[in-house]
Amino acid sequence: MNFIKELEWRGMIHDMIPGTEEALQKGMVSGYVGIDPTADSLHIGHLVGIMMLRHLQRSGHRPIALIGGATGMIGDPRDVGERTMNSSDTVADWADRISSQLERFVSFEGDNAALLVNNNDWIKDMTVIDFLRDVGKHFSLSTMLSRDTVKRRLENDGISYTEFSYMLLQANDYVQLRRNHDCVLQVGGGDQWGNLVAGVDLNRRMDGEQVHALTV
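Residues numbered from 1 in each chain as written. Predicted model: local features only at pLDDT ≥ 70, side-chain atom pairs only at ≥ 80, totals over all residues. Heavy atoms only, no water.

A. Quick look at the layout of surface pockets. Its boundaries defined by the atoms lining it, the second largest pocket holds a volume of some 260 Å³. Together, A70, I74, I123, M126, T127, V128, F131, Y161, T162, S165 and L169 line the second largest pocket. Counting residues per element, the ones that place at least two in the lining of the second largest pocket are α6 (128-134) and α9 (161-164). Among the residues making up the lining of the second largest pocket, the classes are represented as eight nonpolar, three polar and no charged. (1 Å grid on protein atoms, 1.4 Å probe; cavity = no way out; pocket = protein on both sides within 12 Å on 5 of 7 lines; lining within 4 Å. Points joined across faces, edges and corners; volume = space filled by probe spheres on them. Helix = DSSP H or I, 4+ residues; strand = E, 2+ residues; numbered from the N terminus. Nonpolar A, V, L, I, M, F, W, Y, C, P; charged D, E, K, R; others polar.)

B. Looking closely at the pairing of strand β6 (residues 212-215). Covered by surrounding structure in β6 are H212 and L214 together with A213 and T215, the residues of both alternating faces. The sheet contact formed by strand β1 (residues 15-16) and β6 spans two bridges and is antiparallel. Its bridge partner being in β6, D15 is matched across the sheet by T215. As judged from the four bridges shared by strand β5 (residues 183-188) and β6, these two strands associate in the parallel manner. In the sheet register, Q186 faces β6, and the bridge partner there is A213. Between β5 and its parallel partner β6, the chain crosses via helix α11 (residues 193-207), and the hand of that crossover is right-handed. (Buried < 20%, exposed > 50% of the residue type's maximum accessible area, 1.4 Å probe, protein only. Pairing = 2+ DSSP bridges. Right-handed = clockwise from strand over helix to strand, strands pointing away.)

C. Highlighting the environment of L214. If you trace the backbone, L214 turns up in strand β6. Taking C-alpha positions, L214 is 13 Å from Y174, a pair spaced 40 residues apart along the chain. Setting aside chain neighbours within four positions, we find L214 in contact with I4, L7, I13, D15, M16, L185, Q186, V187, G188 and L196. (Contact = heavy atoms within 4.5 Å.)

D. Expanded view of the pattern of salt bridges. In total, this model carries eight salt bridges according to the counting rule given. We note a salt bridge from R178 to D207, for which the minimum N-O separation is 3.0 Å. Residue R178 is found in helix α10 (residues 166-181), and its partner D207 is found in helix α11; the two are separated by 29 residues along the sequence. What makes R178 buried here is its relative accessible area of 13%. Overall, the relative accessible area of 27% leaves D207 in the partly exposed class. The partner of D207 in a salt bridge is R179, with the nearest N and O atoms 2.8 Å apart. Of the two residues, D207 sits in helix α11 while R179 sits in helix α10, which places them 28 residues apart along the sequence. Where salt bridges share partners, they join R153, D157 and E163 into one cluster. (Salt bridge = Lys/Arg side-chain N within 4 Å of Asp/Glu carboxyl O.)

Nothing here speaks to function; it is all geometry.
Here's what the structure looks like:
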């Protein structure tokens, strides 16, 4: 089964970094989908991402499910209004519940066994200064302001610095997964394109490495 061809005939591909299909044809690739614990259970908003993990594994590649134990504390900016911030205990509990549910959709056994990670494992020990020096310095403010979701928020009710910084945290996730798990593909929804491209750029800027991204 060819991952890209499977998505194409289903009409699911929205955007794709050039070279993604060629990279997937060279052998087994590790690819990830980020799942923020925004409720105590997986819900319809997670469905397409989980489908991508399943298709990726059926195609012979290794799926990585990234649970946003840290990013879930902030919330990915949406088109209208700030997200409600939940307590750290609540987010941790929801992350555990969602993690256990993922076993129903991907296999954690075999040659291309799925991997489950939580971004709180590497973000919790990062100081503000480390974050600004190591990650923030690679981002242009003008580029961040040009992202569609950010522009829409600024045109309406504005956006907090907290949600504005989400892009940097997600981009750093991609760098950590590439360094530690040889992950070179990120998949997300069409509204995530700006965040995915930011991760591709950060891998190039920090380590000179080429990675790939695909939205559905």
